[in-house]
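# Working through the structure, step by step
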Amino acid sequence: MIKGINRQILEVTNPESPYFDKILFFVSGDCEIKSEKQLKKEAEKIAAEVKKPPKTKKSKKDIVMNAVYVIFGIGAGVATAIILSTII
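Residues numbered from 1 in each chain as written. Predicted model: local features only at pLDDT ≥ 70, side-chain atom pairs only at ≥ 80, totals over all residues. Heavy atoms only, no water.

Attention shifts here to the overall build of the protein chain. Helices and strands together make up the secondary structure of the protein chain, namely 2 helices and 3 strands. Going from N to C terminus, the protein chain has its helices and strands arranged as β-β-β-α-α. Looking at the protein chain as a whole, 11% of its 88 residues are labelled buried. Restricting the contact set of the protein chain to residue pairs at least 6 apart, pairs at least 24 apart contribute 35%. (Helix = DSSP H or I, 4+ residues; strand = E, 2+ residues; numbered from the N terminus. Buried < 20%, exposed > 50% of the residue type's maximum accessible area, 1.4 Å probe, protein only. Contact = heavy atoms within 4.5 Å.)

Quick look at helix H1 (residues 36-49) now. The α-helix winds at 3.6 residues per turn, so residues separated by three or four positions along the chain end up facing the same way. For H1, built from 14 residues, the straight-helix expectation of 20 Å at 1.5 Å per residue is met to within 8% by its first-to-last C-alpha distance of 20 Å. Next to the buried residues of H1 lie strand S2 (8-13) and strand S3 (22-27). (Expected span 1.5 Å × (residues − 1).)

Attention shifts here to the confidence of the model for the protein chain. Of the residues in the protein chain, 78% have a pLDDT of 70 or more, and the chain-wide mean is 80. Of all helices and strands in the protein chain, the one with the weakest mean pLDDT is strand S1 (residues 2-3) (54), whereas helix H2 (residues 60-87) scores best (95). (pLDDT = per-residue confidence, 0-100.)

With 8 residues, the main nonpolar core is built from Leu 10, Val 12, Ile 23, Phe 25, Val 27, Leu 39, Ala 43 and Ala 47. Within the residue set of this core, elements represented by two or more residues are S2, S3 and H1. (Core = buried A, V, L, I, M, F, W, Y, C linked by side-chain atoms within 4.5 Å.)

This brings us to a nonpolar patch on the surface. A cluster of nonpolar side chains, namely Val 70, Ile 74, Val 78 and Ile 82, defines an oily patch on the protein surface of about 370 Å² accessible area. Within the secondary structure layout, Val 70 lies in helix H2. With relative accessibility at 49%, the residue Val 70 sits in the partly exposed group. (Patch = residues over 30% accessible without salt bridge, like charges linked within 9 Å, V, L, I, M, F, W, Y side chains within 5 Å. Areas by Shrake-Rupley, 256 points an atom, 1.4 Å probe, with all protein chains shown as cover. Salt bridge = Lys/Arg side-chain N within 4 Å of Asp/Glu carboxyl O.)

See below:
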């Protein structure tokens, strides 16, 4: 356990996850710590439950804007093709 001036931080290294190397737990200041071993056991239990980061959901606005960008990209490609075919 890493002890700070204002907070206690518990570091769990090498959790059983392919996504994380290290997890830091900030211990609540108002909790009563019975033992460091019990605290570490609880942190490892929580770390074991975390398998991978949650997927971020795209909002409707993001989906619409991506579609607009694709349409503009296709339009720019068609315009470039037309300009090049008239020059050559």
